[in-house]
Each structure stands twice: as C-alpha cells, then as structure tokens.
Amino acid sequence: MSSHLDSIVLPKSRQREAPGQDLKWIGKSVKRLEDRRLLLGKGNYIDDISVPNMMHAATVRSPHAHAKIISIDTSKARALPGVIGVYVGTDVATVVDPCPSFASPPVTQRAMAIDKVRHVGEVVCAIVAKDRYIAEDAADLVEVEYEILPANVDIEASMAATGDAVIHPADRASNCALDESFQFGPVDEDFARADHIVKRRLRWGRSSAQAIETSGCISQVDPVTGGYKIHCNTNFSNFIPFVIAGSLKIATTQLSMVPVTTGGSFGSKVFTHKIIVLTSALARLSGRPVKYIEDRLEHFTNSDSHGSDRLYEAELALAKDGKMLSMRFKMYDDYGAYLQFGVGTNGNAMAQVTGPYKINSFGMRLMAVLTNKCQQGPYRGFGSEVTNWVMERMTDAAAKELKMDPVALRLMNMIQPNEFPYVIATGNLYDSGNYQEVLRQAQSLIGYDAWKKKAADLRAQGRCVGVGVATCQERSVYGPTEWWSLNNRATPGFTLTSTPEGMSLRVDPTGKIFATLNAVFIGNSPETIVTQILAEQFTVPMSDIIVGYADTHSGFNGVGPQGSRFTTMIAGACVSASIKIKTKLKLLGGHLLEAHPNDLEFRNGAVGIKGADKQVSIADIAIQANFFRLNFPDTPEFDSGLETTAVYDHPISTLPHPERKHLGVFYPMMGHVCHIAVVEVDAQTGKVAILDYAAVHDNGTIVNPITLGGQVLGGTANGIGSTLSEEFIFDDNGQFVNPNFAEFAMPMAHDMPHNLKMGHVETPSPYTEYGVKGGGEGGRLGAPSALSSAIDDALQQYGVSVQTIPIRPSKLRELIRAAQP
Amino acid sequence: MKTIPLSMVVNGQTCNTEVSSRMLLSDCLRHDLGLPGTHVGCEHGVCGSCTVVVDGRAARSCLMFAVQADGAQIKTIEGLSDGSALHPIQEAFWEEHGLQCGFCTPGMLMMAYELLSNNPDPSDDEIREAISGNLCRCTGYTYIVNAVRSAGAKMRALNTMAAA
C-alpha cells in the first residue's frame, strides 16, 4: 500500500561499537571528574573571571510592554564620578548589527532598543563604570520618556491586532509571524472513518529554566586583530561563531571566544545572543574591557529562557474499539516580541507528536504569534514537552469518553517491540524501544494495582487521591532540519542539515591521553563521559586521560550539549578519533613487535599480539612516536606524532519531503519514559501533594547510571515545577508580575517526592556507538502528563480535568469551586 | 565614596580591608578578598547560593553588608577543605552526585555544614528542612539529601575514631 512516507529510505547504520559488549568503564557510576574544582569553590564561572582594566556595565530597562521611546536624557548619569560612558540604542547600532535571528524571514532584534520597546525589560540604555555599584547608581539617573502603545498580551487577541498594536510594522503588517498548515498522511480520510473524535482546548503557559547562574559576558577589543576576545557562558561558541562575528561586524579570525564553566543552562544559555552583542558594543564604545552580568530581574525579563507558551485546539480520531487513527490540531504559540530560533520548538515537537502510539496520520495548523513579552528561547524539551502533554491529555480524554481504562488504551495503541525501526506519520524515525516493558517496570516499582485500589478507598472516604500514568517519548540527538522544516517553503531560511560534534585527541610522549572538546560544561558530565569512553577504547585507567575545552581559535564543529545529543554525539567522535590513533599505535607497535597490525589488540594499556604474551605499552610506543623517528621505516605513515581530530555526523537523518508531505528523519534516537504519580489534592485549597512517584526511563545503553539518574531527577523536578507552580504572570498591560525567585515558585527540597522510585530499561539504539541514546530532558517530558492525569483521577468526583498548566493551587481551587454544586 | 575599615576572620585568616558602607558581604568576599567560591544567584535572599557561615550560623551573604561582619568569624566553601583532603561533606556530595552545574553547591555545602555541626545525625526530613531555603535547578534535591545523610555518617565515623 502506498503511503506519504514511501520516499523515506533509511540509511544503513554506521554503528561501529556494538551494544552489549563486556565493558569495563561504560555502564559504571564513576565519580565525576568535573566535581572536585566545583566542590572547592574554584569553578571559574563567568563572574569569577576578571581581565585587566575591566569595567562593569548596568542597564536601563523598559518598564513598559510596548512603547515609543520619545527621549532619553543621560546627562545626570554621565556626570556621576566613576562613569566611563552612557550609551543608547543608536550608539550601539554604530558598532554592531542586529542580533542573529534564525527565523525566516527574520524578525529584527537589537541588543539595545531604538525608537521603540517591545517588552518589559528590554534594554534602552547601558552604563559602563568602574564598578557595578556606580553603574547601577548611574542607571537610576537616566531619564527616559515613553509614549505607551497598546500591549499585546493574549495570543488570540494579538493575532487580530492592527494599527499601533502591530509590534514590527516595518517588517510585517500583523503580529502573526508564521501561519502554516501541514497534513502528514490522510488526515481527512482518517477523521472521516473515525467512530469517535475527542476534542480539547489545551493551554500550556510560559515558564522558564531559571538556572541559578544568570547569563553574563566579558568582552574586550583585541588590539591585535581589532576584533573581540569574549568570555561568555554561552553554549554556542564553537557551533556558529561566524554568526556571532556577523553581528559584531568582524571576521571570524577577529573573534576569540573563551569557554567558561556554566552554572546551569537547560537550554537558557544555548546562545545568549543579546548579551554577547551588547557587551561587545559597550567594550567598543567605551574602549575598555567590559563585564556585564545579568541580575535576576534582567534574567527573568530579558534573557533567552522563556519557554513554550501555547494554545491548542486538538482533535484525536479513534475507532470505537479505542484504536487511534489520526490526530490534528490548530495551535497558537506566543513567541514573544521576537523570533530568535524561528519556529524550531514546533519543528522539534514533530519528532514525537504522536507519542508512543501507532497513529496513521497527523495534521497541524501552526500560528507563530508575536506579543509584547520577551522572546522565547529553549527550555528543556524545546517544545516537545508540550506536545507530550497534549498527546497524553488527549489519550486520557479518549479513555474517559470511551469508558476505557487509560493504561489499557495506551497498551492497545503502543508500537510493539518487534515493529522497530518505526517511522511515524511526520516522517521521523523511532529507532528502537520497548514501551511495554518500561510501563510494566514503572507499575511494578510503584505498586500500581495496590495504589489504584487504595486511592479508590480513600476517595470513598472523601479524600481526593488519584493515580496518573504517562507514557511519553524522549527524542534525542537532534538534526537541525527541525529549525526550518516548518517555515514557509518560499522563505525556508538557512536550510542547514549538519549538527556534527568534533574533538581533538593526542597521546603525549609519556602515553597520557589528552582530549579537547569543542563543547562547554553546563552542568552535564562531558569530561566524565569522554574519559569513560576513551578508557574503554585504549584499555587504560581513567587517570591517564585529561579532557579540556577548546576556544574558538582551536575549536571546530562543536554543537554542544542541547537536544539530548551530547553523550551520543561525543561518543561517536571519541570512537572516530580513537580508531585513528589506535590504528597508528598498532602500526608503530607492530613494527616494534615485528608483528602485523591485524594480529594486534589493545589490552591493559598496551598493544599486544593476540594469543601471545608479547606486548608493548602505549607509553613505550608514544615516546618512540614522538622522539625516535629513526627507529621506524622512512615512509610517511610512520611520521612523528600521535594526534588527530575527528568530526562525527548525526548517525541517521534524511531531508524533509520537498512539499512537506513528511519532515524526514531528524530526531530518531527515541527514548521512552513512563511516569506514574500518586497525588492528593486538598479540595479546600487546591494544593497538590505528591504521595508517591515512579519514573522509569529507557535511554538505550547507559554510560553512567548515577549521572543519568541526576538528569532524570532534575528533569522531573523541572516538570513538577512547570505543572504545579512555575508560571510567568503578565497583567493586561503586559507587565511581568512575578519576575523574581520569591514569587516564581520553583520546587524546593520539600516539593520533590520523598521516595521517588527510579528505574531504567536499556533498549540500545542500532545506530549509535554502544547503543547510547540521550537522556537529558525526559523528566520534564513526562512529569506534567503524569501529574495532570493524577489530579484528574483525584478530582473525579468533581469532574475536574486539567486543561491548563501550570495549575497553581489558586487555579485548581477555582476549578473545584466551579464544579461544586 | 567614603570607606570604612573592616576586619574579619575568613576561613581562619584575618582579613583587614576597607569597604564602602553599602558593599554586600557577598561582593566583598568574591571581589575584594578573592574568594569567588561563594556564588550570587538572585541577590534578593531567596536562592541561598551565597550562604556562608558567620559565627557558626548560616547566613545569606547577599543580604548582609560587609561592615556587619566586622569582627566576625566567617567560613566559606574555600575553607571547608584543609587544603589537601576534601571535607567529608565535599566527599559525600562527590560520591552521591549531589551537584551538577555546581552553582548552588557552595550554599548547599555551607547549609549542610551548619546542620551537621549542630545535629550530627539528622533525619531526611531534617535535612530537607535545612536545605529548604536553597534552590537547586539541576538535581531535584534527591541526591543532595543522600549526600548530606552520607556526610553525617562520615563525620560521625571520624568523630568516633578521633574519640577512640
């Protein structure tokens, strides 16, 4: 039978290291190599760094959501002793271009506003002074006169805005940045043959990562090149330095970006584009090195970390027996005042929009809406956390309407273990999985049947206790087509297709191994993971290996930690680099041992003859390779040195269909998570207490169980926050009401389940080295669905159902009150 | 701006400096005294990353003026280790994966230090209570609770050995 997916031809696997080997280091909970310096207070974060003659910046920010700048009086600020300079948007524009935008057509965004402000917190003026205290004093002395314009706060209303309410009137006549419709497979036919259609209006509200470290930058003009030397806690220094150089109006040869330890990102520091451009402009204008570290208010109101903000009108088509046939939705996404990453967060969601279920077709109308809020940026899930929740909400709704058990409905529709590799309606590939086993293990860990019974008993006594199950996908290792595949085909933008990861590797004359990464540390475990893999490859102790980070002058092809890609991708680069070095070690070792390289093996840090005792240590080969050229034949392959670079491409990806009948394979290393939550709702206050919780994740072969566990637990905490407490609140004027840690309620130690039961299933990927899949986002991809489901179950006597998150106690209480007779 | 002489004992060392009256203790430690291990996450006293121990009690250094610490004994994360061996609390955080990005870690370690100094064998609830004013965005707290519990056991074992 022909299908819209026929044009997808799956490339062959390029896996070199098979899963299931007897491994010494991979799979062990080794202590992290990153930790000692952090535990000693010597982390070298951005604000720990000073450069000679460094000055400090503070900013003046818009108090209005949408306003014309009539005038800015900086005279009093300039007169303050200790102030070096005071700069407004037109000053900044003389030395830098607008910030990079990945949207197509781009939405112009400047590091400092000119003429008009488009959200609360947008920078209108900056001061450079000899210390931060003086800079902030001066900021208070700047007088800005505004003419207030109508603020666009509501997504649907902003779609209809005209006149002065249009946010970018020079670029576009409305606040709708993109309106595209897609049909992946026979959506209309599948809906026509459905016995039952479930409809829900679902709202996912804005929140953000809020790493405990804010974003910051030190920039100085390089007197040699005339460009900049930049320290910044960005993740992107070795991915697209040419894009940064473009905004700074310099060549990449004039840009030197130095990696620093990053105090948490979760997506929020993927780029930090405004900060790099602003700080560099201030350095150029003032002629001094400048440090600018956001304070918490600036990080709330003007950073890169506002997450998805979506309204769905969703429909799920089912046969009367519960078989899912098709899903479609109309969707508005409130991207804020700019469109930094285009609609990439929606491209991302297409990787797994139909969940772990066999659904024949999928359709969508996507509207990217501009409003007077800070622009969206990445936050753990990059848009897929929302569609996971939508899919699971729709599944629960279907179970309710069809009077089926929600777990039975899920099991009936799940892809079976023998059906992989499986291509879903959007074209993405699910490489492998065993969803049934993940579910079984989660039910077993939490004692599902016992809890179901106990919750029913407690409800009979008048308590609101419920159990919720979520079975969600965790896509990993992104391909970059997600950033542009949903763009209008007439203006597709920069249609890149590579997200490689590279590294350098060398063996010094004493046999020690040096690896240099092109990525940065953001709280993940790059040094540990790479050392584990290299120790495995070279059969050496981990203490023989050291891992460092490259600046932009020595780095290359480093996309870094995002999209749950780093462990998988760097494992590939490690294997590629190791193959090159090991081949040469065998060549040299073979000469020294008078044996053919094919008869050699690596064992205990040596190259030895298979089946014989004769061997030579890596250190002995290395000293000869570096200092004893004349001990080897006079042919080029024996030339001195043991060093290489390697670049590992995405293991399996394909192009989108030219007419977007599908999006191709772009996010195929498919993990799976099952979260089961037991909650009690206090019907008087709306407060939700988590009584029990199980989280079982399948991330393929596990490299380091304890660090993966840390990702699962941390992601789950983020998911709990996104569901129950964390909400960015804007009033009707677009005023950001709660931009501080006291009122934006992130989970504290008491809010986490006290006895969270974590489990892992390991279904290796057939495409990656050792079968590793990514696992950095799964907690936040599962928790919102499980908690929403458990709350519905707990409140079934009221008929309350969670259709909007975050569902803070006051909102839940409102729903309960409305449901009471 | 007028400066005020300030003398404190930080991690066992007497520090004499001059600061403006409005200088925060966190900024003084980080930028004047060269001890950047104390981190600043929110500057409004909520996240707890800047927690140090002042005269035996945990305090938020972003909510204290440096001059308020005149004459005080202060311990920061840099003072936990004796220079070679890690403190048992640091060891336990390492073994139990009680940190990821490390940014909240100084505050967590100093809260644990205060707790275990006063209560050598806390229950898990007491540990959660002690760190309930410290935000961590990476770990979900579970491994931090494990780390503090383990640190308590390590410190009790060391005390038993020392007493024997």
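Model, not experiment: these values are computed from the prediction. (Residues numbered from 1 in each chain as written. Chains lettered and ligands numbered in written order. Predicted model: local features only at pLDDT ≥ 70, side-chain atom pairs only at ≥ 80, totals over all residues. Heavy atoms only, no water.)

A. Fine view of the interface of chain B and chain A. Contacts between the two partners involve 50 residues from chain B and, on the opposite side, 55 residues from chain A. Between chain B and chain A the total buried area reaches about 4,400 Å² when both faces are included, carbon and sulfur atoms providing 58% of it. Where chain B packs against chain A, one counts five salt bridges. Linking chain B with chain A are 22 residue pairs in polar contact (both at pLDDT 80 or more). Where the side of chain B that touches chain A is concerned, the elements lending two or more residues are helix 1 (25-32), helix 2 (88-95), helix 3 (105-118), helix 4 (124-130) and helix 5 (142-163) of chain B. (Contact = heavy atoms within 4.5 Å. Buried area = accessible area lost by both parts, 1.4 Å probe. Salt bridge = Lys/Arg side-chain N within 4 Å of Asp/Glu carboxyl O. Polar contact = N/O pair within 3.5 Å; in protein donor to acceptor, adjacent residues only side chain to side chain. Helix = DSSP H or I, 4+ residues; strand = E, 2+ residues; numbered from the N terminus.)

B. How the structure looks around the side chain of B:His39. For B:His39, the location among the structural elements is in the loop between helix 1 and strand 3 (51-54). Exposure remark for B:His39: the relative accessible area of 1% places this residue in the buried category. Residue contacts for B:His39: discarding those within four places in its chain leaves A:Tyr45, A:Asp48, B:Arg30, B:Ser49, B:Cys50, B:Gly102, B:Phe103 and B:Pro106. (Buried < 20%, exposed > 50% of the residue type's maximum accessible area, 1.4 Å probe, protein only.)

C. Highlighting the side chain of A:Lys274. Residue and element names in this part refer to chain A. Structurally, Lys-274 can be placed in helix 8 (residues 273-286). Despite its burial, Lys-274 pairs with no opposite charge; the closest candidate is Asp-304, at 4.7 Å N-O. Once residues lying within four places of it in the same chain are set aside, the contact partners of Lys-274 are Cys-99, Gln-109, Ala-111, Asn-302, Ser-303, Asp-304, Cys-374 and Gln-375. (Lys, Arg positive; Asp, Glu negative; His and termini not counted.)

D. Here's a closer look at helix 18 (residues 705-724) of chain A. Spanning 20 residues, helix 18 of chain A covers 28 Å between terminal C-alpha atoms, matching the ideal 28 Å at 1.5 Å per step. For helix 18 of chain A, the tally of buried residues reaches 19 of 20 residues, placing the bulk of the element in the interior. (Expected span 1.5 Å × (residues − 1).)

E. Main features of the sheet that holds strand 20 (residues 513-517) of chain A. All names here are of chain A. Strands sit in the order 21-20-19-25 across an open sheet of four strands; the sheet is mixed. Where the open sheet ends on each side, the last strands, each with one partner, are strand 21 (545-549) and strand 25 (643-648). Looking at each pair of strands side by side, their axes are set apart by 20 degrees on average, direction ignored. Pairing between strand 19 (residues 501-507) and strand 20: five bridges, direction antiparallel. Note that in strand 20 the partner of Val-507 across the bridge is Ile-513. Running at roughly 140 degrees to strand 21, helix 15 (residues 526-538) makes contact with strand 19, strand 20 and strand 21 of the sheet. (Pairing = 2+ DSSP bridges. Axes fitted to C-alpha atoms, helices over the stretch in contact; angles between N-to-C directions.)

F. Representation of the state of the cysteines in the model. Residues and elements named next belong to chain B. Throughout the structure, instances matching the rule amount to zero disulfides over all chains. Here Cys-47 stays free of any disulfide, with the sulfur of Cys-42 as its closest cysteine sulfur at 3.9 Å. There is no disulfide at Cys-50, and the cysteine sulfur nearest it, in Cys-62, is 3.8 Å away. (Disulfide = S-S within 2.5 Å.)

G. Quick peek at the packing of aromatic side chains. All names here are of chain A. This model, assessed by the stated rule, comprises 27 aromatic pairs over all chains. Ring geometry for Trp-204 versus Trp-389: centroids 5.8 Å apart, planes at 70 degrees, classification edge-to-face. Within this pair, whereas Trp-204 is found in strand 8 (residues 196-204), its partner Trp-389 is found in helix 11 (residues 384-402), the two being separated by 185 residues in sequence. Assessed through its relative accessible area of 2%, Trp-204 is described here as buried. Taking the centre distance of 6.3 Å and the plane angle of 85 degrees together, the rings of Phe-341 and Phe-382 count as edge-to-face. Remark: Phe-382 occurs in the loop between strand 15 (361-370) and helix 11 and Phe-341 occurs in the loop between strand 14 (324-336) and helix 10 (344-349); sequence separation between them is 41 residues. Across the pair, Phe-382 and Phe-341 agree in class, each one buried. What links up through ring pairs into an aromatic cluster is the set Phe-102, Phe-236, Phe-239, Phe-271, Phe-341, Phe-382, Tyr-478, Trp-483, Phe-666 and Tyr-667. Sitting over the ring of Phe-191, Arg-328 keeps its end group 3.7 Å from the ring centre. One residue, Arg-506, lies across the ring of Phe-514, its end atom 4.2 Å from the ring centre. (Phe/Tyr/Trp six-rings, centres within 6.5 Å; stacked < 30°, edge-to-face > 60°. Lys NZ or Arg CZ within 6 Å of the ring centre and 35° of its normal.)

H. Expanded view of the pattern of salt bridges. Residues and elements named next belong to chain A. For the coordinates displayed, the defined rule picks out 53 salt bridges over all chains. The shortest N-O distance in the salt bridge between Asp-35 and Arg-32 comes to 2.7 Å. This pair shows no difference in class: Asp-35 is buried, exactly as Arg-32 is. Residue Glu-315 is joined to Lys-199 by a salt bridge in which the shortest nitrogen-to-oxygen separation is 3.5 Å. A residue pair is termed long-range when its members are at least 10 positions apart, and Glu-315 in strand 13 (residues 310-318) and Lys-199 in strand 8 qualify at 116 residues. Beyond isolated ion pairs, a larger network of salt bridges with shared partners links Arg-203, Arg-206, Asp-309, Asp-334 and Lys-373.

I. View of the sheet that holds strand 18 (residues 464-476) of chain A. All names here are of chain A. Ordered by their spatial adjacency, four strands build an open sheet running 18-26-27-28, and the pairing between neighbours is mixed. The open sheet terminates on both sides in strands that have one partner only, identified here as strand 18 and strand 28 (757-761). Here the average twist between neighbouring strands, direction ignored, is 15 degrees. As judged from the 13 bridges shared by strand 18 and strand 26 (residues 669-681), these two strands associate in the antiparallel manner.

J. Highlighting the nonpolar core. Among the nonpolar cores identified, the biggest contains 208 residues, and A:Leu316, A:Met350, A:Ile791 and B:Phe93 are the most heavily contacted of them. For this core, the element with the highest residue contribution is helix 11 of chain A, accounting for nine residues. In this structure, this core is formed jointly by two domains, domain 1 (3-79) and domain 2 (88-163) of chain B, each of which donates at least three residues. Contacts of B:Phe93, omitting those with residues within four sequence positions, involve A:Leu39, B:Gly98, B:Leu99, B:Met108, B:Leu109, B:Ile144, B:Ala147 and B:Val148. Among the nonpolar cores identified, the runner-up in size contains 59 residues, and A:Leu5, A:Cys574, A:Val607 and A:Ala646 belong to it. (Core = buried A, V, L, I, M, F, W, Y, C linked by side-chain atoms within 4.5 Å. Domains from an automatic or database assignment.)

K. Inspection of the pairing of strand 2 (residues 67-73) of chain A at higher detail. All names here are of chain A. Sheet analysis places strand 2 next to strand 4 (residues 116-117), joined by two bridges and oriented antiparallel. Its bridge partner being in strand 4, Ala-67 is matched across the sheet by Val-117. Sheet analysis places strand 2 next to strand 6 (residues 143-148), joined by six bridges and oriented antiparallel. Bridged to Asp-73 within strand 6 is Glu-143.

L. Just helix 19 (residues 778-794) of chain A, in detail. Taking 1.5 Å of rise per residue, 17 residues should cover 24 Å, and helix 19 of chain A covers 24 Å from first to last C-alpha, within 8% of that figure. Here helix 19 of chain A lies mainly inside the structure; 17 of its 17 residues are buried.

M. Looking closely at the environment of A:Val128. Residue and element names in this part refer to chain A. Relative to the elements of secondary structure, Val-128 occurs in strand 5 (residues 123-129). The exposure class assigned to Val-128 is buried, which follows from its relative accessible area of 0%. Placed 32 residues apart in sequence, Val-128 and Val-96 show a C-alpha to C-alpha distance of 17 Å. For Val-128, the contacting residues outside a window of four places in its chain are Met-55, His-56, Val-83, Ile-84, Gly-85, Tyr-87, Leu-282, Ser-286 and Val-290.

N. Up close: the packing of helix 2 of chain B against helix 5 of chain B. All names here are of chain B. At a minimum axis distance of 8 Å, the contact between helix 2 and helix 5 shows a crossing angle of 140 degrees. The angle between helix 2 and helix 5 falls in the class oblique. Judged by the twist between their axes, the crossing of helix 2 over helix 5 is right-handed. Taking contact as the criterion, the partners of Pro-88, Ile-89, Glu-91, Ala-92, Phe-93 and Glu-95 in helix 2 are, on helix 5, Ile-144, Ala-147, Val-148, Ser-150, Ala-151, Lys-154, Met-155 and Leu-158. (Parallel < 35°, antiparallel > 145°, perpendicular 65-115°, else oblique. Left-handed = near helix turned anticlockwise from the far one by under 90°.)

O. Here's a closer look at the packing of helix 11 of chain A against helix 19 of chain A. Residues and elements named next belong to chain A. Two elements in contact, helix 11 and helix 19, have axes separated by 8 Å at closest approach and are oriented at 30 degrees. If you check the angle between helix 11 and helix 19, you find them roughly parallel. Handedness of the helix 11/helix 19 crossing: right-handed. Here Ser-384, Glu-385, Asn-388, Trp-389, Glu-392, Arg-393 and Asp-396 of helix 11 lie close against helix 19, whose contacting residues are Arg-780, Leu-781, Pro-784, Ser-785, Ser-788, Ser-789 and Asp-792. Looking at the contact of helix 11 with helix 19 residue by residue, the classes come out as three nonpolar, five polar and six charged. (Nonpolar A, V, L, I, M, F, W, Y, C, P; charged D, E, K, R; others polar.)

P. Structural view of the domain arrangement of chain B. Residue and element names in this part refer to chain B. In terms of domains, chain B is made up of domain 1 (3-79) and domain 2 (88-163). Every contact between the two is made by 19 residues of domain 1 and, on the other side, 14 residues of domain 2. Summed over both partners, the interface of domain 1 with domain 2 buries about 1,300 Å², with 63% contributed by carbon and sulfur atoms. The interface formed by domain 1 and domain 2 holds zero salt bridges in total.

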